[in-house]
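Structure assessment
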Amino acid sequence: MDISEVFPEECLAHIISYTSPRDACRSALVSRNFQIAADSDAVWKGFLPPNYAEIISSAPASSSSKLADLSKKELYFHHCNNPILINDGIMVRMILHL
């Protein structure tokens, strides 16, 4: 019996949220149910800083509106490759849990 058929998606997502981003991506490969759970905003919200909404709102207006439409997983990976710089690039505004 497949464990993903025993537990509902919300339970799988809760369990996966205690792992790392790398492990969440790996668990998405187990089955379709694990993929749905691992890709959920409930999982990826935990990998973003608590004040991510404030950080996004302080981004330039052109990118801020685009970022608001991304899923939490897409937002996480977007900021891995495109950090929000402040103070003339001295500080990175988005701190991610790797």
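Let me begin by describing the structure that accompanies this report. Fair warning: this is a prediction, and the values are worked out from it, not measured in the lab.

Let us look at the environment of P60. For P60, the position within the fold is in the loop between α6 (52–57) and α7 (61–68). Sequence separation between P60 and I84 is 24 residues, and the spatial gap between their C-alpha atoms is 9.1 Å.

Attention shifts here to the packing of aromatic side chains. The description of two aromatic rings rests on the distance between their centres and on the angle between their planes. On inspection of all chains with the given rule, the structure shows five aromatic pairs. Measuring from centroid to centroid gives 6.4 Å for F47 and Y76, while their planes differ by 65°, and the two rings are edge-to-face. Of this pair, F47 sits in the loop between α5 (41–45) and α6 while Y76 sits in helix α8 (residues 72–81), and the two are 29 residues apart along the sequence. Taking the relative accessible area as the measure of exposure, Y76 reaches 3% and is therefore buried. Taking the centre distance of 5.2 Å and the plane angle of 85° together, the rings of Y76 and F77 count as edge-to-face. Look at F77 and you get partly exposed, because its relative accessible area is 34%. By way of ring pairs, the aromatic residues W44, F47, Y76 and F77 are connected into one cluster.

With that settled, the discussion passes to the nonpolar core. The biggest cluster of nonpolar side chains holds 20 residues, and the ones touching the most others in it are I16, A24, V43, W44, F47, L67 and L75. Elements with a contribution of two residues or more to this core: α2 (9–16), α4 (32–38), α5, α6 and α8. Every residue in contact with L67, bar those within four places of it in the chain, is listed here: I56, A59, L75, H78, H79 and I84.

Here we come to the side chain of S27. Checked against the element boundaries, S27 lands in helix α3 (residues 21–27). A residue is classified by how much of its surface remains accessible, and S27, at 12% relative accessible area, is buried. In this structure, S27 is in contact with I16, F34 and A38, ignoring residues within four places of it in sequence.

Parameters and conventions
Positions within a chain are numbered from 1, following the residues in the order the chain's sequence is written. Totals for whole chains, interfaces and linings use every residue, but because this is a predicted model, local features are given only for residues with pLDDT of at least 70 and side-chain atom pairs only at 80 or more, for both listing and counting. The side-chain figures draw on all heavy atoms in the structure; neither hydrogens nor water molecules are used. In this description a helix means any DSSP run of H or I spanning at least four residues, a strand means any run of E spanning at least two, and both kinds are numbered starting from the N terminus. Pairing of aromatic rings covers Phe, Tyr and Trp, the last counted by its six-membered ring, and requires centre-to-centre distances within 6.5 Å; plane angles under 30 degrees mean stacked, over 60 mean edge-to-face, and any other angle means tilted. Burial classification: accessible surface area is computed with a 1.4 Å probe over protein chains only, and a residue below 20% of its type maximum counts as buried, one above 50% as exposed, and the rest as partly exposed. Definition of nonpolar core: a set of buried residues of the types Ala, Val, Leu, Ile, Met, Phe, Trp, Tyr and Cys, connected through side-chain atoms within 4.5 Å. A contact between two residues is defined here by any heavy atoms of the two lying within 4.5 Å.

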